[in-house]
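Coordinate analysis (summary)
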Amino acid sequence: MINTFFPNVDWPKMWDAALETLYMTAISTLLTFVIGLALGLLLFLTSPHQAWANKFANWLTGAVVNIFRSIPFIILIILLIPLTIFLVGTMRGPNAAFPALVIGAAPFYARMVLIGLREIDKGVLEAAKSMGATTSTIIWKVLLPESLPSLVSGITVTCISLVGYTAMAGIIGAGGLGTLAFLDGFQRSRGDVTLVATILILIVVFIIQWIGDLITSKIDKR
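Residues numbered from 1 in each chain as written. Predicted model: local features only at pLDDT ≥ 70, side-chain atom pairs only at ≥ 80, totals over all residues. Heavy atoms only, no water.

Compared with the 51 Å implied by 1.5 Å per residue over 35 residues, the 39 Å span of helix 8 (residues 135-169) between its first and last C-alpha is markedly short. Helix geometry: helix 8 is bent most strongly at L148, by close to 65°, with proline P149 lying one to four residues after it. (Helix = DSSP H or I, 4+ residues; strand = E, 2+ residues; numbered from the N terminus. Expected span 1.5 Å × (residues − 1). Bend = angle between axes of the 7 residues up to and from the residue.)

In structure tokens, the structure reads:
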């Protein structure tokens, strides 16, 4: 029955593409979380009245974040082709998508981290400082625990954006559902292939959002 409605869909190939999308999304989300969190902390700690207050370092970090956050992802993919080939050895396949995915998403998440850190009650920070807490103690015992709901909510939104980025990366043959929808669906005028790939992407997005909302509700004590 299902083949009647989707006669051009190669189901084993579709599932393989779905797994590639999940693989690209999972690894790039992990790398984005680590790099974005580090950038966000650096932006916060180098801002005025903070532990590492440094006007130039704050400006430089902010400039890098803003520049890469402002470049449209499809253009960023093209600009990073030389770097991708240098790091991965090819511009095709799931692994080739990682440089563009991480560089495109990490600055976005860094800004969300900064927003979450700025929402922390200043009284909590002042209390920790008055007790002689070191910067590392403040980071691990105050900043990260107090902003955890915002960090989880932010990485959920970023992860969903990365799913969309993987689909766009399919245009240059990065693999996954985006490549399948573009090459086997659009270019061959197989609307059913594009439709099924789109539905699977939507399902992935809904699941990520549900998991993110569930975790946020569990850890948010406010």
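Membership of the largest hydrophobic core comes to 21 residues, with the highest contact counts inside it found for L41, F44, L117, L125 and L143. Listed by contribution, the elements that provide at least two residues to this core are helix 2 (11-45), helix 6 (98-118), helix 7 (122-130) and helix 8. Per-element accounting of this core gives the leading share, seven residues, to helix 8. When sequence neighbours within four positions are dropped, the list of residues in contact with L125 reads F44, I120, I138, V142 and L143. One finds A17, V163, L180 and A197 within the second-largest nonpolar core, a separate group that totals 20 residues. (Core = buried A, V, L, I, M, F, W, Y, C linked by side-chain atoms within 4.5 Å. Buried < 20%, exposed > 50% of the residue type's maximum accessible area, 1.4 Å probe, protein only. Contact = heavy atoms within 4.5 Å.)

For the rest of this paragraph, the subject is a nonpolar patch on the surface. Taken together, the side chains of L195, I199, I203, I207, W210, I211, L214 and I215 define a hydrophobic patch exposed on the protein surface, amounting to about 730 Å² of accessible area. Mapping I211 onto the fold places it in helix 10 (residues 191-219). (Patch = residues over 30% accessible without salt bridge, like charges linked within 9 Å, V, L, I, M, F, W, Y side chains within 5 Å. Areas by Shrake-Rupley, 256 points an atom, 1.4 Å probe, with all protein chains shown as cover. Salt bridge = Lys/Arg side-chain N within 4 Å of Asp/Glu carboxyl O.)

Let us now look at the environment of M112. Positionally, M112 belongs in helix 6. Taking relative accessible area as the criterion, M112 reaches 23% and is therefore assigned partly exposed. Separated by 43 residues in sequence, M112 and R69 have C-alpha atoms that sit 12 Å apart. With near-sequence residues (within four places) excluded, M112 lies in contact with G154, V157 and T158.

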